[in-house]
Every structure is written in C-alpha cells, then in structure tokens.
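Architecture and fold: a report
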Amino acid sequence: MAQPRSCGLDALLGCRGLGRLESWFAHQHRLGWQVSYGPLSTGGFPLRHVTGIAQPVLADPMTGAAWSADWIAFDSPALLPGAQTLRFPTTEQRFSVFDRTHTLRAQHMQAALQLAPGLARS
C-alpha cells in the first residue's frame, strides 16, 4: 500500500481525492481482492486535478480475473470533478483469468467517465 503523505494548502483538494482513492483500494482489499499500488500523485492545480497511480494491480480471487499496468491516471477539470478522463499507459497492460494472461498495448487509450456526487456503494 502507499505511504502516508502530507499536503500543502494548494493541493488540499487533490489530497482529498487521494484519500478517497486509498479508501476504495482498502475496501477492495477487505473484500478479499489482491490490491497493490506504488506511489500516488496529484497535480495540475489550479485548473485541473490529475491523480496518478503507479504500478496498480487488482485481482479478484473469486473470478480469477486480474489486471495490472505501469500506471493509470485520472484527469478532470477543477470546476467539473465528475468529468473524469481515465488515461492508460502506452506500455503493456496485463489481463489474466486464472492461468491465462494476455497483454495489451495501445496508443492514447482513455475512457471518459461522468461521475455523480455521492457514495459509490449507495
């Protein structure tokens, strides 16, 4: 899991987002998932919020499905935090289902997300 960090006043909103992300990873871990990741980062202030996750690994032991990559990033305009762009690396991503692993390489792979305020589990 990531190391605790401190936030300057200029990055307060970004750190709140990092805390929510860490809480989501911790919740998945409590559900029995294998969860690991490297350093979390935030930047882009004041106009954008860009949150980076290094070396993310998610694996669901119930289904045998797993995914890992070198990094992943969430990017949103500061005034529209629910309008997220999820960016993926150009390096290999690995997808596994039990003993079969496949790799994916893509240029400019991203997903547009429209997130509503509130709790994801409600």
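First, a word on scope: everything that follows refers to the structure included in this document. (Residues numbered from 1 in each chain as written. Predicted model: local features only at pLDDT ≥ 70, side-chain atom pairs only at ≥ 80, totals over all residues. Heavy atoms only, no water.)

**A short note on the overall build of the protein**
In terms of regular secondary structure, the protein is built from one helix and ten strands. Walking the protein from its N terminus toward its C terminus, one meets helices and strands in the order α-β-β-β-β-β-β-β-β-β-β. By the burial criterion, 32% of the 122 residues in the protein qualify as buried. As displayed, the protein offers around 8100 Å² of accessible surface, 61% of which is attributable to carbon and sulfur atoms. (Helix = DSSP H or I, 4+ residues; strand = E, 2+ residues; numbered from the N terminus. Buried < 20%, exposed > 50% of the residue type's maximum accessible area, 1.4 Å probe, protein only. Areas by Shrake-Rupley, 256 points an atom, 1.4 Å probe, with all protein chains shown as cover.)

**Notes on unusual backbone geometry**
In this structure, Pro46 follows Phe45 across a cis peptide bond, with omega equal to 5°. Of note in the backbone geometry, His108 takes a positive phi value of approximately 60° without being a glycine. Among the structural elements, His108 can be located in the loop between β9 (100–104) and β10 (110–114).

**Quick look at the pairing of strand β3 (residues 48–54)**
Most of β3 is tucked away: five of the seven residues are buried. Looking at chain direction, strand β2 (residues 40–43) and β3 are connected through four bridges and run antiparallel. Its bridge partner being in β3, Ser41 is matched across the sheet by Gly52. Both β3 and strand β6 (residues 71–77) contribute to a ladder of seven bridges, which runs antiparallel. Bridging across to β6, Thr51 finds its partner in Phe74. (Pairing = 2+ DSSP bridges.)

**Quick look at the nonpolar core**
In terms of nonpolar packing, the biggest core is built from 13 residues, with Phe25, Tyr37, Leu40, Ile53 and Ile72 touching the most fellow members. No other element matches helix α1 (residues 12–30), which puts three residues into this core. (Core = buried A, V, L, I, M, F, W, Y, C linked by side-chain atoms within 4.5 Å.)

**A closer look at the packing of aromatic side chains**
What the rule picks out here adds up to two aromatic pairs. Ring centres 5.4 Å apart and planes at 70° place the aromatic pair Trp24 and Phe25 in the edge-to-face group. Pairing Phe25 with Tyr37 gives two aromatic rings, centres 4.4 Å apart and planes at 25°, and the pair type is stacked. Placement of the pair is Phe25 in helix α1 and Tyr37 in the loop between β1 (34–36) and β2, with a sequence separation of twelve residues. Like Phe25, the residue Tyr37 is buried in the burial classification. Ring pairing ties together the aromatic residues Trp24, Phe25 and Tyr37, which thus form one cluster. (Phe/Tyr/Trp six-rings, centres within 6.5 Å; stacked < 30°, edge-to-face > 60°.)

**Let's talk about the pattern of salt bridges**
For the coordinates displayed, the defined rule picks out two salt bridges. Between Asp75 and Arg87 there is a salt bridge, and its shortest N-O distance comes to 3.4 Å. On the criterion of sequence distance, the pair formed by Asp75 in strand β6 and Arg87 in strand β7 (residues 83–87) is long-range, its members being twelve residues apart. What you see here is one network of salt bridges that share partners, running through Arg48, Asp75 and Arg87. (Salt bridge = Lys/Arg side-chain N within 4 Å of Asp/Glu carboxyl O.)

**Structural notes on the side chain of Asp75**
With a relative accessible area of 9%, Asp75 lands in the buried category. A distance of 2.8 Å separates a polar atom in the side chain of Asp75 from a polar atom in the side chain of Arg48. Here the side chain of Asp75 touches Arg87 through a polar contact of 3.4 Å, side chain to side chain. Contacts of Asp75, omitting those with residues within four sequence positions, involve Arg48, His49, Val50, Ala83, Gln84, Thr85 and Arg87. (Polar contact = N/O pair within 3.5 Å; in protein donor to acceptor, adjacent residues only side chain to side chain. Contact = heavy atoms within 4.5 Å.)

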